[in-house]
2 protein chains.
Amino acid sequence: MDLHGAFHVYDTTLRDGAQQEGLNLTVADKLAIARQLDGLGVGYIEGGWPGANPKDTEFFRRAAQELDLEHARLAAFGATRRAGVRAADDPLIAALRESGAPVVTLVAKSHDRHVELALRTTLEENLAMIRDTVSHLRAEGQEVFLDAEHFFNGYRDNRDYALEVLRTAYDAGASVIALCDTNGGMLPSWVADTVHDVLESTGVRVGIHAHNDTGCAIANSLAAVDAGATHVQGCINGYGERTGNADLVAVVANLELKLDRRVLPQGMLGEATRIAHAVAEVTNVPPASRQPYVGGSAFAHKAGLHASAIKVDPNLYQHMDPAGVGNDMRLLVSDMAGRASIELKGRELGFDLSGDRELVTRITDRVKVLESRGFTFEAADASFELLLIEEVEGQRPAYFDVESWRVITETVPHGDAVSEATVKLRADGVRYVVTGEGNGPVNALDQALRAAIEQAYPEVAKFELIDYKVRILDQGHGTDAITRVLIETSDGETSWLTVGVGTNVIEASWGALVDGVTFGLRRHDQR
Amino acid sequence: MDLHGAFHVYDTTLRDGAQQEGLNLTVADKLAIARQLDGLGVGYIEGGWPGANPKDTEFFRRAAQELDLEHARLAAFGATRRAGVRAADDPLIAALRESGAPVVTLVAKSHDRHVELALRTTLEENLAMIRDTVSHLRAEGQEVFLDAEHFFNGYRDNRDYALEVLRTAYDAGASVIALCDTNGGMLPSWVADTVHDVLESTGVRVGIHAHNDTGCAIANSLAAVDAGATHVQGCINGYGERTGNADLVAVVANLELKLDRRVLPQGMLGEATRIAHAVAEVTNVPPASRQPYVGGSAFAHKAGLHASAIKVDPNLYQHMDPAGVGNDMRLLVSDMAGRASIELKGRELGFDLSGDRELVTRITDRVKVLESRGFTFEAADASFELLLIEEVEGQRPAYFDVESWRVITETVPHGDAVSEATVKLRADGVRYVVTGEGNGPVNALDQALRAAIEQAYPEVAKFELIDYKVRILDQGHGTDAITRVLIETSDGETSWLTVGVGTNVIEASWGALVDGVTFGLRRHDQR
């Protein structure tokens, strides 16, 4: 498939996505993300604005040496030449030429008010800037795309001028004009009408660049494609300024799976979930569990009532096969849990329970009792797996035996409060008494517990508590209520969730900590 | 404006939104959210499924006594009668009748395969179940809406039957038929075409219930309304199973601000940001900063290139005035608090700050600093009022002076862990050293603190901590993160919320406890 011809999937994560509040990418991050995007099979990767900031200049320098892209072409982003200078003499244009990128995406004003108020030049000079810059770069051998900034607002205020901008760029040699909803206020029907008119009035090749301010970035992109756009810009995980850019994976998945348009190389979409999560690891922005297609909850079902029907035909309850985007169906064990969902969940974890009715009944009953006491196994797969093992194998995996623990939190003069925990336990025949300090009681207990067990099982040194959630349940009043703690533990490669419950938040945390370490040790054993 | 006539804004946060993974609402939570939704001016609040689970039955019982709704009507959700029973004899139908809700929303199968595989009855009996249940409830004096489950898939597989379901319900007296995209796989153009056909073929009044699996829930809802639907269902913050339901605030904001349709009472939309965040405090689901309209980043601009142009005309860079949804434009990273909102909040609490620019600036700056450290004053009115008093009067109300505190939690043989706290403080000139016990560290601290202060201020005996919420703010660092604690204290007549922040959860809790007691004493003083 020619990714650079009939239809462009154009990723702008490294440029427009990086405008997101709190998102800060190093050059190494950008290179790592570019490799992931190439692995998704996008046609173009916009790498940044060389010349405008040293990081992006450096990115293109290193990309030329280090990136070996299989599918994607790199695009350098930049603005048209300054007013009153020749394109060949503008140092920012030189930086685009020298970036080594085969494609330059030039941003140009297409809204008359922006030309006057932000660019502070005349409408005529703006057209000349576009004409000169496009033809100069084309003559120097680069392909040029044009981002028509604030196009939809410009089109409303001064349609003739906005269209003139498009014609000028196209006549000068730009191969695509991306219509940008820069402020993000458009709705699908408006986008469709505008794209129709642009195509009829100008005959340029049209792209779409949508932001999600109305919550319609994905739908706006689809509306533009439906109206004839053949180039779609977006960001992985919908990163971007304000409410974000169009989520590129969702746009592509809708095009391929719903509208039957092939826009990525065969089989690449099945990598989407893995890649979206891998990029989130690089950006350090926690993945949104409710994200369409690739979110952790995107194919999660509270089993209960429908479990038996899901067994008959999962497609009755999901809009597509999650494997199409590399995601999985997950059954949440909840207090509506019936036998069918326990069996399904067991199968998911590698236990075939279908042959043993009595065992399934025992597990189902135990889950019901625990959930009525405040436990939840919906998220805490690892605690649920420990429970399964206990019922299947007759006993719980026991690597250590806790004698007692104690934690003290107290004020110190002129400083933050400190916590100190002492844990006494036996592991592998030896008694350990270990004290740990922390900036909170659970932190201190975690330190002490792992420091003790580590002496018997050195692999525990790799375990790290990476997330801690507390929920107060409502069975009592205020602090006199049931507390549920969810803990995520990582061994550097994978992570797992455990749950603890109790009226005492520290005791609930302790339960989840112990499950977390036990599960990690068991997993390590089985490798 | 008649919220129950020409156009329905129908919220299903308490029922379908609560299906979200990890979201677990108590009856008290549901009552609190219902009050917030009423404050937004929605026409209908779906409260849950009375009879199907004890919590929802309890919600309707308490709602009848405790909820004084100004705008909204309560709807009870439930299924059509079981196959082969009279509606009048079905105990689940009785629970709907007895819920006291003026409206019942009945879910019915409209996809032939679901009737056969999930309901395991005949297509004819399904129609009879719909007909009987609707007419029975109508005869008993309730208004009935029908949720046509899996409608869009049913319509594709067996259009005649799907339409027959709608006609049957409508002829039996249902006043609205909500077409449900239960699996969430639809795209706007398909929704538009289907709604058009339904309206032409059946003449029923149509509503839309969209899920976000393709990232198009908002656009699908708008497409349905554009095609003639006059009832739109959704959830605040887009809560819901899998990828969530249509985000009700974004749908309503698009309808009012973009499409010029009035669907909420005048002025209510300006409360949207505050309410969306207040509901997030109750659900304990961190608000998404990139959420359209109400997100913390929705109107945040990295001030740089455009700063001067933004000053000339902010509307060049934003798609609407953020005040329209009660949000603020932000040029700098960090704060949520603008001067205007501080003034408004002050007025809400009885302080007229409008005359003193310097004071407002000082308060605004302090709020910004505290919010950047993790505090939130959105819900914690009492902590904010203490801060206001401190700035207005020059000092914080000081009833007692804490010297130190310490809390120990430890295991006991054959029993639950116990906590013991010691607090040393001076009140009214006397030094108190008091020890309190509790079933958790915060409970023990609360007991010790109040036992000490009570000796100087006996009114403290009436104070009771009635709610305690913990949120970990900085995910990815496990227990080594910032913790925010919200505490609700009651004096038997009223209650108030305070906030505390720290890396140590106990210290954060202590801050909120101290604010809670201080605020209560101040309020008592002023009576």
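Computed from a predicted structure; not experimentally measured. (Residues numbered from 1 in each chain as written. Chains lettered and ligands numbered in written order. Predicted model: local features only at pLDDT ≥ 70, side-chain atom pairs only at ≥ 80, totals over all residues.)

A. The nonpolar core, seen in detail. Counting 204 residues, the largest nonpolar core has A:Leu146, A:Ile177, A:Leu179, B:Leu146, B:Ile177 and B:Leu179 as its most contacted members. Counting 95 residues, the second-largest nonpolar core is a separate cluster that includes A:Trp405, A:Val499, B:Leu425 and B:Phe519. (Core = buried A, V, L, I, M, F, W, Y, C linked by C-beta atoms within 7 Å. Buried ≥ 20, exposed ≤ 12 C-beta atoms within 10 Å, placed from the backbone.)

B. Inspection of the sheet that holds strand β13 (residues 483-490) of chain B at higher detail. All names here are of chain B. Spatially, 3 strands are ordered β12-β13-β14 in an open sheet, and the strand pairing comes out antiparallel. Two strands close off the open sheet at either side, each with one partner strand: β12 (464-472) and β14 (495-502). Taking the axes of each pair of neighbouring strands and ignoring which way they run, one obtains an average angle of 20° across the sheet. Pairing of β12 with β13 involves 8 bridges; the strand directions are antiparallel. Within the sheet, the bridge partner assigned to Tyr-468 lies in β13 and is Ile-487. (Pairing = 2+ DSSP bridges. Helix = DSSP H or I, 4+ residues; strand = E, 2+ residues; numbered from the N terminus. Axes fitted to C-alpha atoms, helices over the stretch in contact; angles between N-to-C directions.)

C. Local environment of the interface of chain B and chain A. Between chain B and chain A, the contact holds 91 residues from the first and 91 residues from the second. A per-element tally of the side of chain B that touches chain A places β12(B) first, with 8 residues. In terms of residue class, the side of chain B that touches chain A is built from 33 nonpolar, 38 polar and 20 charged. Bridge count for strand β11 (residues 400-410) of chain A against strand β9 (residues 400-410) of chain B is 5 bridges, and the pairing is antiparallel. Of the residues in β9(B), the one forming a bridge with A:Glu410 is B:Arg406. (Contact = placed C-beta atoms within 7 Å. Nonpolar A, V, L, I, M, F, W, Y, C, P; charged D, E, K, R; others polar.)

D. Representation of the sheet that holds strand β4 (residues 103-109) of chain B within the structure. All names here are of chain B. Spatial ordering of the closed barrel is given by β1-β2-β3-β4-β5-β6-β7-β8, a layout of 8 strands whose pairing is parallel. Each neighbouring strand pair of the sheet contributes to a mean axis angle of 25°, computed without reference to strand direction. Judged from the 4 bridges that link them, strand β5 (residues 143-149) and strand β6 (residues 176-180) form a sheet pairing that is parallel. What sits directly across from Phe-145, in β6, is Val-176. The strands touched by helix α1 (residues 27-40) are β1 (8-11) and β2 (44-48); relative to β2, the strand with the most contacts, the crossing angle is about 170°. Most of the contacts of helix α5 (residues 123-139) go to β4, to which it runs at about 175°, and overall it touches β4 and β5.

E. A look at the confidence of the model for chain A. Confidence in the prediction of chain A, expressed as mean pLDDT, is 90, and 95% of residues score 70 or more. Overall fold confidence for the complex sits at a pTM of 0.76, while the interface term, ipTM, reaches 0.77. (pLDDT = per-residue confidence, 0-100.)

F. Just the domain arrangement of chain A, in detail. Residues and elements named next belong to chain A. When cut into domains, chain A gives domain 1 (8-283), domain 2 (300-353), domain 3 (373-399 + 463-527) and domain 4 (406-456). Spacing between the C-alpha centres of domain 3 and domain 4 amounts to 18 Å. On the side of domain 4, 9 residues touch domain 3, which itself brings 9 residues to the contact. Counting only elements with at least two residues in the side of domain 3 that touches domain 4, the list comes to β14 (464-472) and α17 (505-525). Sort the elements by how many residues they give to the side of domain 3 that touches domain 4 and α17 lands first, with 5 residues. Across the side of domain 3 that touches domain 4, the residue classes tally to 8 nonpolar, 1 polar and no charged. (Domains from an automatic or database assignment.)

G. The arrangement of the packing of helix α7 (residues 159-172) of chain B against helix α8 (residues 188-202) of chain B in detail. Residue and element names in this part refer to chain B. Close contact between α7 and α8 brings their axes to 11 Å; oriented N to C, the two are set at 55°. Taken together, the axes of α7 and α8 are oblique relative to one another. Our pair here, α7 against α8, has a crossing hand that is right-handed. Together, Leu-163, Leu-166, Arg-167 and Tyr-170 of α7 and Val-198, Ser-201 and Thr-202 of α8 make up the contact between the two elements. (Parallel < 35°, antiparallel > 145°, perpendicular 65-115°, else oblique. Left-handed = near helix turned anticlockwise from the far one by under 90°.)

H. Fine view of the environment of B:Leu106. As for its position among the elements, B:Leu106 is in strand β4. Residues B:Leu106 and B:Ala79, spaced 27 residues apart in sequence, show a C-alpha to C-alpha distance of 5.1 Å.

I. Fine view of the pairing of strand β5 (residues 143-149) of chain A. Residues and elements named next belong to chain A. Burial within β5 is extensive, with 6 of its 7 residues counted as buried. Inspection of the sheet shows strand β4 (residues 103-109) paired to β5 by 7 bridges, in the parallel sense. Considered in β5, the bridge of Val-104 is made with Val-144.

J. Summary view of helix α16 (residues 441-454) of chain B. Residues and elements named next belong to chain B. With 14 residues, α16 should cover 20 Å at 1.5 Å per step; its first-to-last C-alpha distance of 20 Å lies within 8% of that length. Most of α16 is tucked away, with 12 of its 14 residues classed as buried. Those residues of α16 that sit buried are Pro-441, Val-442, Asn-443, Ala-444, Leu-445, Asp-446, Gln-447, Ala-448, Leu-449, Arg-450, Ala-452 and Ile-453. (Expected span 1.5 Å × (residues − 1).)

K. Highlighting the environment of A:Ala280. Residue and element names in this part refer to chain A. For Ala-280, the position within the fold is in helix α11 (residues 272-283). A C-alpha to C-alpha distance of 7.9 Å links Ala-280 and Asn-237, two positions 43 residues apart in sequence. Apart from the residues lying within four places of it in its own chain, the contact partners of Ala-280 are Asn-237, Val-285 and Pro-287.

L. Fine view of the packing of helix α8 (residues 188-202) of chain A against helix α9 (residues 217-227) of chain A. Residue and element names in this part refer to chain A. At a minimum axis separation of 8 Å, α8 and α9 run at an interaxial angle of 30°. One element, α8, and the other, α9, form an angle in the roughly parallel class. Here α8 runs over α9; the crossing is right-handed. In contact with Pro-188, Val-191, Ala-192, Val-195 and His-196 of α8, α9 contributes Ala-219, Asn-220, Ala-223, Ala-224, Asp-226 and Ala-227. Its residues assigned to classes, the contact of α8 with α9 comprises 8 nonpolar, 2 polar and 1 charged.

M. The arrangement of the UniProt feature "domain: Pyruvate carboxyltransferase" (unreviewed entry) in chain A in detail. As recorded in UniProt, the sites labelled "domain: Pyruvate carboxyltransferase" (unreviewed entry) are residues 7-269 of chain A. Taken as a whole, residues 7-269 of chain A contains 44% helix and 16% strand, while its terminal C-alpha atoms sit 16 Å from one another. (UniProt positions renumbered as here; feature names shortened; annotations may be inferred.)

N. Broad picture of α8(A). All names here are of chain A. With 15 residues, α8 ought to run about 21 Å at 1.5 Å a step, and its terminal C-alpha atoms sit 21 Å apart, in line with that. If you check which residues of α8 are buried, you get Pro-188, Ser-189, Val-191, Ala-192, Thr-194, Val-195 and Val-198. Just downstream of α8 lies Gly-203, where phi reads positive at about 70°.

O. Layout of unusual backbone geometry. In the Ramachandran plot, A:His414 falls in the positive-phi region, its phi being about 55° despite a non-glycine side chain. Position of A:His414 relative to the elements: it lies in the loop between β11 and β12 (418-427). Overall, the presence of 5 C-beta atoms within 10 Å leaves A:His414 in the exposed class. Of note in this structure, B:Arg120 is not a glycine but carries a positive phi near 55°. In this structure, B:Arg120 sits in the loop between α4 (112-119) and α5.

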